[in-house]
Amino acid sequence: MTKNAYHFCTAVYGTQYLKLARFLAEDLSKFSPNSKLIIVTNQPSFFEDQSNVIAIMHRCRGVEPHHERRFAINYGLSISDSVIVIDSDVRILSPLPPDLKFNPGIAAKSCCSLQKHMQERLKKPSKQKLRKQQIVHQMAEKVDVDMNSPDLKFINEFLFAVTKDQGREQDFLNLWGELAIYADTLGMHRHPTYAMALAAHKTGFPVYRDEMPGLNFFDDRVIKWNIERGKAELTPQIEALFKQQAEIEDGQRSLLPRIKRKLRKILLKRIVIPYNRARVQLTQAISPSSLTAYSKADIERFLRS
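Predicted, not measured: the structure shown is a model, and the values here were computed from it.

> How do you make sense of the nonpolar core when you look at a structure like this?
General note: in soluble globular proteins, nonpolar side chains tend to be found buried as a group. Core analysis: the biggest nonpolar cluster contains 54 residues, and I73, I106, M139, F160, V162, F172 and W176 have the highest contact counts within it. Looking at this core element by element, the count peaks at eight residues for helix α5 (residues 168–186). Here F172 is in contact with I106, M196, A199, A200, T203 and F205, once residues within four sequence places are set aside. Core analysis: the second largest hydrophobic core is formed by 29 residues, L37, A55, L100 and A161 among them.

Structure, rendered in structure tokens:
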């Protein structure tokens with residue numbers, strides 16, 4: 001296999017995202033044939049027929065799987081100097097340049113001041129938003145980071161690259177993991193951007209905006225935002241992708257599937273999340289390293305196959 005300058009990685013949990021990730025893998029097989037898609041998931045057999053996928057069995061360490069992509073990044077950096085981290089519901093639309101290069105650190109397709117980002121979110125304050133802000137400030141205090149620092153960056157998590165930087169990348173991943181679990185114990189189980197921003201700043205891991213020239217992608221939220229502002233057109237290709245994604249996300253609209261979805265949401269909110277939070281809190285008190293330690297995978301075996 002020709003050595004590529006980068007590989008892709010993501011975390012995939014749940015039937016909806018498993019199906020969407022298969023489309024992403026097919027896109028990459030067509031448009032970036034020398035790269036691998038490294039997936040951490042609790043159902044690796046779902047991808048066993050996709051030769052460009054390295055699917056690694058991974059039990060979700062946190063309360064929800066939003067921070068689990070850090071494990072995929074760790075695996076990816078074991079075989080490449082750069083990994084492109086991509087949400088499983090993103091699609092690739094055209095061939096990618098194999099020599100796409102990134103500077104050391106985090107290159108984010110969308111990036112701005114974290115302070116500005118949080119101010120924007122609080123223009124219409126709510127109890128939930130204020131609680132989130134309080135938790136982020138507690139996370140900053142834990143690692144002795146000034147939340148007013150202009151160097152703190154908001155990283156849009158749907159598409160960014162991580163490139164090695166003389167070992168700082170591992171320091172960054174380690175601290176991200178600690179902050180992820182800390183946020184879980186405080187009740188914030190999503191939004192990994194805050195742990196990422198604080199960890200990068202504390203460890204001196206650079207964060208910068210990168211247009212990623214040649215990476216033509218579809219993300220439903222980004223495309224909708226651009227169409228509404230006249231920055232993109234609703235082409236037949238884009239319309240077809242919206243329809244395909246909606247069919248997977250919405251499923252059948254008859255009464256029984258809707259009832260099942262409603263019951264799953266209730267089960268998640270009232271049983272699964274409280275149970276997982278209690279598990280994380282107990283494990284953090286007894287064996288914290290089991291929630292944050294990075295293990296090795298025999299990725300070379302996949303590359304030889």
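Still more to cover.
> Can you help me understand the sheet that holds strand β9 (residues 159–163) in this one?
Either a parallel or an antiparallel arrangement is found when strands of a sheet pair, and the pairing is made through backbone hydrogen bonds. Read across the open sheet, the seven strands follow the order β3-β2-β1-β4-β9-β6-β10; overall the sheet is mixed. The open sheet has two edge strands with one neighbour each: β3 (53–57) and β10 (207–209). Recorded for the sheet is a direction-independent mean angle of 25° between the axes of neighbouring strands. By the bridge criterion, three bridges tie strand β6 (residues 105–108) to β10 in an arrangement that is parallel. Bridge pairing in β10 places A108 opposite R209. Packing against the sheet, helix α2 (residues 69–76) makes contact with β1 (7–12), β2 (37–41), β3, β4 (82–86) and β9, and its axis sits at approximately 140° to β2.

> Explain the side chain of K36 here, please?
Counting through the fold element by element, K36 comes out in the loop between α1 (15–31) and β2. Its relative accessible area of 8% is what places K36 among the buried residues. Here S51 takes part through its backbone oxygen, which lies 2.8 Å from a polar atom of the side chain of K36.

> How do you make sense of a nonpolar patch on the surface when you look at a structure like this?
On the surface, L255, I259, L263 and I266 cluster together into a nonpolar patch covering about 360 Å² of accessible area. Within the fold, L255 resides in helix α9 (residues 255–286). Taking relative accessible area as the criterion, L255 reaches 56% and is therefore assigned exposed.

> Can you walk me through a positive patch on the surface in this structure?
A grouping of K262, K265, K269 and R270 is seen on the molecular surface, where their side chains present a positively charged patch. Locating R270 in the fold gives a position in helix α9. Judged by relative accessible area, which is 65%, R270 ranks as exposed.

> Would you mind going over the environment of R59 with me for this structure?
By secondary structure assignment, the location of R59 is in the loop between β3 and α2. As for R59 and R229, which are separated by 170 residues in sequence, their C-alpha atoms are 41 Å apart.

> Got a minute to help me understand α1 in this structure?
For an α-helix the count is 3.6 residues per turn, leaving residues at separations of three or four pointing the same way. Between its terminal C-alpha atoms α1 stretches 25 Å, which fits the 24 Å expected from 17 residues at 1.5 Å a residue. The inward-facing, buried residues of α1 contact β1, β2, β3, β4, β5 (91–92) and α8 (236–250).

> Even after reading the chapter, I still don't get the packing of aromatic side chains, so can you show me in this structure?
Describing an aromatic ring pair means giving the distance of the ring centres and the angle of the ring planes. Using the criterion set out here, one finds seven aromatic pairs in the structure. Seen in terms of ring centroids, F158 and F217 are 5.5 Å apart; in terms of plane orientation they differ by 45°. Their pairing is tilted. Of this pair, F158 sits in the loop between β8 (153–155) and β9 while F217 sits in strand β11 (residues 217–218), and the two are 59 residues apart along the sequence. Look at F158 and you get buried, because its relative accessible area is 4%. With a centroid separation of 5.1 Å and an interplanar angle of 80°, the aromatic rings of F218 and F242 are classed as edge-to-face. With a gap of 24 residues between them, F218 in strand β11 and F242 in helix α8 connect regions that are remote in the sequence. Relative accessible area serves as the criterion here: at 0%, F218 is assigned to the buried category. Members of the aromatic cluster, joined through ring pairs, are F172, W176 and F205. Between R22 and the ring centre of F46, over which it is positioned, the NZ or CZ distance is 5.5 Å. Across from the ring centre of Y182, 4.7 Å away, lies the NZ or CZ of K142, which sits over that ring.

The rules behind each value
- Residues numbered from 1 in each chain as written.
- Predicted model: local features only at pLDDT ≥ 70, side-chain atom pairs only at ≥ 80, totals over all residues.
- Heavy atoms only, no water.
- Core = buried A, V, L, I, M, F, W, Y, C linked by side-chain atoms within 4.5 Å.
- Buried < 20%, exposed > 50% of the residue type's maximum accessible area, 1.4 Å probe, protein only.
- Helix = DSSP H or I, 4+ residues; strand = E, 2+ residues; numbered from the N terminus.
- Contact = heavy atoms within 4.5 Å.
- Pairing = 2+ DSSP bridges.
- Axes fitted to C-alpha atoms, helices over the stretch in contact; angles between N-to-C directions.
- Polar contact = N/O pair within 3.5 Å; in protein donor to acceptor, adjacent residues only side chain to side chain.
- Patch = residues over 30% accessible without salt bridge, like charges linked within 9 Å, V, L, I, M, F, W, Y side chains within 5 Å.
- Areas by Shrake-Rupley, 256 points an atom, 1.4 Å probe, with all protein chains shown as cover.
- Salt bridge = Lys/Arg side-chain N within 4 Å of Asp/Glu carboxyl O.
- Lys, Arg positive; Asp, Glu negative; His and termini not counted.
- Charge placed at Lys NZ, Arg CZ, Asp CG, Glu CD.
- Expected span 1.5 Å × (residues − 1).
- Phe/Tyr/Trp six-rings, centres within 6.5 Å; stacked < 30°, edge-to-face > 60°.
- Lys NZ or Arg CZ within 6 Å of the ring centre and 35° of its normal.

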